[in-house]
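Each chain, written out:
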Amino acid sequence: MADTPSRSLPFGTLVAAMVTPFTADGAVDFEATAALAARLVDDGCDGLVVSGTTGETSTLEDSEKEDLYRVVAETVGDRARVIAGTGTNHTSHSIEMARRAERAGAHAQLVVTPYYNKPTQSGVLAHFDAVADASDLPIMIYDIPGRSGIPIATETMLRLAENPKIVALKDAKADFAAVTRVLASTDLDVYSGDDGLTLPWMAAGAVGVVSVSAHVATAAFRALVDAAAAGDFAEARRIHFQLDPVIRAVMTHIPGAVSAKHILHLQGVLPNDVVRLPLVGADEHEIAALRADLAEAGWELPPVGTRSSTGA
């Protein structure tokens, strides 16, 4: 891996939560996956989450996930951190995925709070500790109560930070007071899990962002993260405002996997914008709203049904 300011960080600073490209008939497109991973790293990402929420992990088979980890690690693993989305709501299944990720060459793993079960905080603690003990891969915890059904209590997070294999937190609950306490009281590397909160979270001491919108605006996110890390908050604020309509386009109308794939397809980056059920493609009203936001950002995308070879 090349010498960069983020080399000492086990997960990088600009981490794309990668979509999983599919073929027209819904199979995983490993060739397109490799090409997308290379493009993202070429354009400034120093970390990639593979088979996370945006990667439609819930609709992927275990064997598909392991193959995705391997393909991305083989493609960019010498230039960026490959972070395998291994978390499930079943502890033994999460342990199995952690071992598969390690076998496939991933550098680290993203482990979400067990969803649907709604365990107690003691159960949350036991789950993460069990997954951490199952492999040598460092863990980024993913706190997203909007999907998991429960938050990770701050006291629980402070206890989890004592585990030497738990080294980072992707915070997606938009609780600034809670994340401030984690930053002040632990050595965890904290990442914004909301694209639009990258600037305030980094101003408080976070090291970067795990981003969906970075798929389509990689260079701008790289500049934002670098400016904030350097303490140049005037420049970071300028880029933050510039990115606002792009983030709205990607994150507010339809699921991020759907919007990111749609834009990437129009940019000529992906051969299609196929998603797996229960996700469906954007309808005309959703596309109109997305395009209106991008127009506010000064982007001009080709009409639906055509695609650009150069992107916006």
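Residues numbered from 1 in each chain as written. Predicted model: local features only at pLDDT ≥ 70, side-chain atom pairs only at ≥ 80, totals over all residues. Heavy atoms only, no water.

## Structural notes on the overall build of the protein chain
Looking only at helices and strands, one finds 12 helices and 8 strands in the protein chain. For the protein chain, whose C-alpha radius of gyration is 18 Å, the value lies close to the compact-globule estimate of 20 Å for 312 residues. When its C-alpha atoms are laid out on the principal axes, the protein chain stretches across 50 × 45 × 40 Å. Within the protein chain, buried positions represent 56% of all 312 residues. Relative to all contacts within the protein chain whose residues are 6 or more apart in sequence, the contacts with residues 24 or more apart total 70%. When the accessible surface of the protein chain is totalled, it reaches about 12,600 Å², and 51% of it is carbon and sulfur. Positive and negative side-chain charges of the protein chain, numbering 24 and 40 respectively, have mean locations separated by a distance of 2 Å. (Helix = DSSP H or I, 4+ residues; strand = E, 2+ residues; numbered from the N terminus. Rg over C-alpha atoms; globule rule 2.2 N^0.38 Å. Buried < 20%, exposed > 50% of the residue type's maximum accessible area, 1.4 Å probe, protein only. Contact = heavy atoms within 4.5 Å. Areas by Shrake-Rupley, 256 points an atom, 1.4 Å probe, with all protein chains shown as cover. Lys, Arg positive; Asp, Glu negative; His and termini not counted. Charge placed at Lys NZ, Arg CZ, Asp CG, Glu CD.)

## A word on the packing of helix H1 (residues 30–42) against helix H2 (residues 62–76)
The axes of two packed helices give the description: the angle between them and the distance between them. Their axes nearest at 9 Å, the elements H1 and H2 cross at an angle of 45°. On the basis of the axis angle, H1 is oblique to H2. Our pair here, H1 against H2, has a crossing hand that is right-handed. On the side of H1, the interface is formed by Phe30, Thr33, Ala34, Ala37, Ala38 and Val41, while H2 contributes Glu64, Asp67, Leu68, Val71, Val72, Thr75 and Val76. Class assignment of the residues belonging to the contact of H1 with H2 gives a composition of 9 nonpolar, 2 polar and 2 charged. (Axes fitted to C-alpha atoms, helices over the stretch in contact; angles between N-to-C directions. Parallel < 35°, antiparallel > 145°, perpendicular 65-115°, else oblique. Left-handed = near helix turned anticlockwise from the far one by under 90°. Nonpolar A, V, L, I, M, F, W, Y, C, P; charged D, E, K, R; others polar.)

## Re the environment of Val216
With respect to the helices, strands and loops of the structure, Val216 is situated in the loop between strand E8 (208–211) and helix H9 (218–229). What makes Val216 buried here is its relative accessible area of 9%. Discounting chain neighbours no more than four positions away, the residues touching Val216 are Val246, Val250, Ala260, Ile263, Leu264, Gln267 and Trp299.

## Digging into unusual backbone geometry
In the segment running from Leu277 into Pro278, the intervening peptide bond is cis, with an omega of 15°. By secondary structure assignment, the location of Pro278 is in the loop between helix H11 (256–266) and helix H12 (284–296). Even without a glycine there, the phi angle at Glu56 is positive, about 55°. Inspection of the secondary structure puts Glu56 in the loop between strand E2 (47–50) and H2.

## Here's the deal with the nonpolar core
In a soluble, globular protein the nonpolar side chains are often hidden away together inside. Of all hydrophobic cores here, the largest spans 102 residues; its most connected members are Leu48, Ile141 and Tyr191. In terms of residues, this core owes the most to one element, helix H10 (residues 233–251), which gives 7 residues. (Core = buried A, V, L, I, M, F, W, Y, C linked by side-chain atoms within 4.5 Å.)

## Regarding the layout of surface pockets
Considering only enclosed or pocket space, the largest pocket measures out at about 900 Å³ in volume. For the largest pocket, the lining is made up of 45 residues, of which Thr53, Thr54, Tyr142, Ile144 and Arg147 are closest to its centre. Secondary structure elements with two or more residues in the lining of the largest pocket: strand E4 (108–112), helix H5 (145–148), E8, H10 and H11. Among the elements that line the lining of the largest pocket, the one with the most residues is H10, at 6 residues. Split into classes, the residues belonging to the lining of the largest pocket amount to 19 nonpolar, 18 polar and 8 charged. (1 Å grid on protein atoms, 1.4 Å probe; cavity = no way out; pocket = protein on both sides within 12 Å on 5 of 7 lines; lining within 4 Å. Points joined across faces, edges and corners; volume = space filled by probe spheres on them.)

## Side note on the sheet that holds strand E5 (residues 139–143)
Strand pairs in the sheet, formed through backbone hydrogen bonds, run parallel or antiparallel to each other. In spatial order, the strands read E1-E2-E3-E4-E5-E6-E7-E8; together these 8 strands close into a barrel with parallel pairing. Neighbour to neighbour, the strand axes of the sheet diverge by 25° on average, direction disregarded. Alignment of E5 against strand E6 (residues 166–171), held across 5 bridges, turns out to be parallel. Within E6, the position partnered with Ile139 by the bridge is Ile166. (Pairing = 2+ DSSP bridges.)

## Section: the pairing of E2
Residues Gly47 and Val49 line one face of E2 and the alternating positions Leu48 and Val50 line the opposite face, and both faces are buried. Sheet topology places strand E1 (residues 14–17) next to E2; 3 bridges connect them, and they run parallel. Counterpart to Ala16 in the pairing with E2 is Leu48. The handedness of the E1 to E2 crossover, carried by H1, is right-handed. Where E2 meets strand E3 (residues 81–85), 4 bridges bridge the pair, whose relative direction is parallel. What sits directly across from Gly47, in E3, is Arg81. (Right-handed = clockwise from strand over helix to strand, strands pointing away.)

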